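Observations on chain architecture
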Amino acid sequence: EVTVLRLGHRPGRDERITTHVGLTARALGADRVLLAGAASSRADTVVDITDRFGGPFDVETTDEPKRVVRDFDGTVVHLTMYGEPIQDVERDIRGAHERDPLLVVVGAEKVPFEVYERADYNVGVTNQPHSEIASLAVFLDRLYEGDELGREWEDPEQVVVPMATGKKVVDPEDVEDGA
Ligand code: SAM
């Protein structure tokens, strides 16, 4: 079970980024996003996409993210450019994920040092500065070894029919009928 915790949302500046952390967590196989403090304002958008395109995916909020990290009963992974290279630790983390729940923490602004200390793994997706969305996407894809790409969704209201050119969105019953 994988929970993504979004820390440090700055109102105004981080609205779309936080939404995209939630949507990326959902699309790439996490079970839940936990939005801390001001990031909670983005919950409705992520819930709305889940209602339309399917689940299961939980959106939860917390006012005590530090406590969540500190008390998490499982393995804590903190994505940070200062961490150990993902290619060196991904195998260990996959092993931990088979045994225990995983909490994946991504920041926005400076992440409190307690998170670095509590984390079982501080993981860099390269040691170059980039984005929480990019690092989360690469991390989840390495965690699931690509299996998340073919995932089936439950109870969607609409389904995209992949095509080389053009856009087609249909009622799920039409997909099952082969229409
Ligand atoms: N300067 C901030 C700091 O020192 O924590 C980080 C800002 S960065 C825009 C926001 C988030 O993106 C970070 O908290 C981290 O989760 C993620 N991130 C950025 N680059 C990363 C990298 N190379 N590897 C892993 N995560 C990264």
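Criteria and thresholds
- Every chain begins its residue count from 1, and numbering advances along the sequence as written.
- Local features in this predicted model are restricted to residues whose pLDDT is 70 or higher, and side-chain atom pairs enter the listing and the counts only when it is 80 or higher, whereas totals over whole chains, interfaces and linings include all residues.
- Any set of buried Ala, Val, Leu, Ile, Met, Phe, Trp, Tyr and Cys residues joined through C-beta atoms within 7 Å is what this text calls a nonpolar core.
- Here exposure depends only on C-beta density: within 10 Å of a residue's C-beta, 20 or more other C-beta atoms make it buried, 12 or fewer make it exposed, and intermediate numbers make it partly exposed, the C-beta atoms being placed from the backbone.
- Helix numbering and strand numbering both begin at the N terminus, where a helix is a DSSP run of H or I of at least 4 residues and a strand a DSSP run of E of at least 2.
- Residues are scored as being in contact if the C-beta atoms we place from backbone atoms lie within 7 Å.
- UniProt positions are given in the numbering used here, feature names are shortened, and annotations may be inferred rather than shown by experiment.
- Being near a molecule or strand means, for a residue, that its C-beta atom, positioned from the backbone, comes within 6 Å of it.
- Classes in brief: Ala, Val, Leu, Ile, Met, Phe, Trp, Tyr, Cys and Pro nonpolar; Asp, Glu, Lys and Arg charged; the others, Gly included, polar.

With that settled, the discussion passes to the nonpolar core. Ranked by size, the top nonpolar core spans 35 residues in total, and within it Val4, Leu5, Val33, Val77, Leu79, Val104 and Val105 carry the most contacts. For this core, the secondary structure elements donating two or more residues are strand 1 (2-6), helix 1 (15-27), strand 2 (32-36), strand 4 (75-85), helix 4 (86-99), strand 5 (102-106), strand 6 (121-124) and helix 6 (132-144). Broken down by element, the residue count for this core peaks at 5 residues, all from strand 5. Those residues within four positions of Val104 in sequence are excluded, and the remaining contacts are Val2, Val4, Leu5, Val77, Leu79, Leu136 and Phe139.

Once that is clear, we can look at the UniProt feature "binding site: S-adenosyl-L-methionine" (unreviewed entry) in the protein. Sites flagged by UniProt as "binding site: S-adenosyl-L-methionine" (unreviewed entry) map to Leu79, Gly107, Ala108, Glu109, Lys110 and Val111. Maximum C-alpha separation among the annotated residues is 12.8 Å over a sequence range of 33 residues, consistent with a single clustered spot. Inspection of the secondary structure puts Ala108 in the loop between strand 5 and helix 5 (113-118). Judged by the 19 C-beta atoms lying within 10 Å of it, Ala108 falls in the partly exposed class.

This part covers the site of the ligand. In the vicinity of the ligand there are 17 residues, among which Leu79, Met81, Gly107, Glu132 and Ser135 approach most closely. Among the secondary structure elements, those contributing two or more residues to the shell around the ligand are strand 4 and helix 6. By residue number, the principal contributor to the shell around the ligand is strand 4, which donates 3 residues. Across the shell around the ligand, the residue classes tally to 7 nonpolar, 8 polar and 2 charged.

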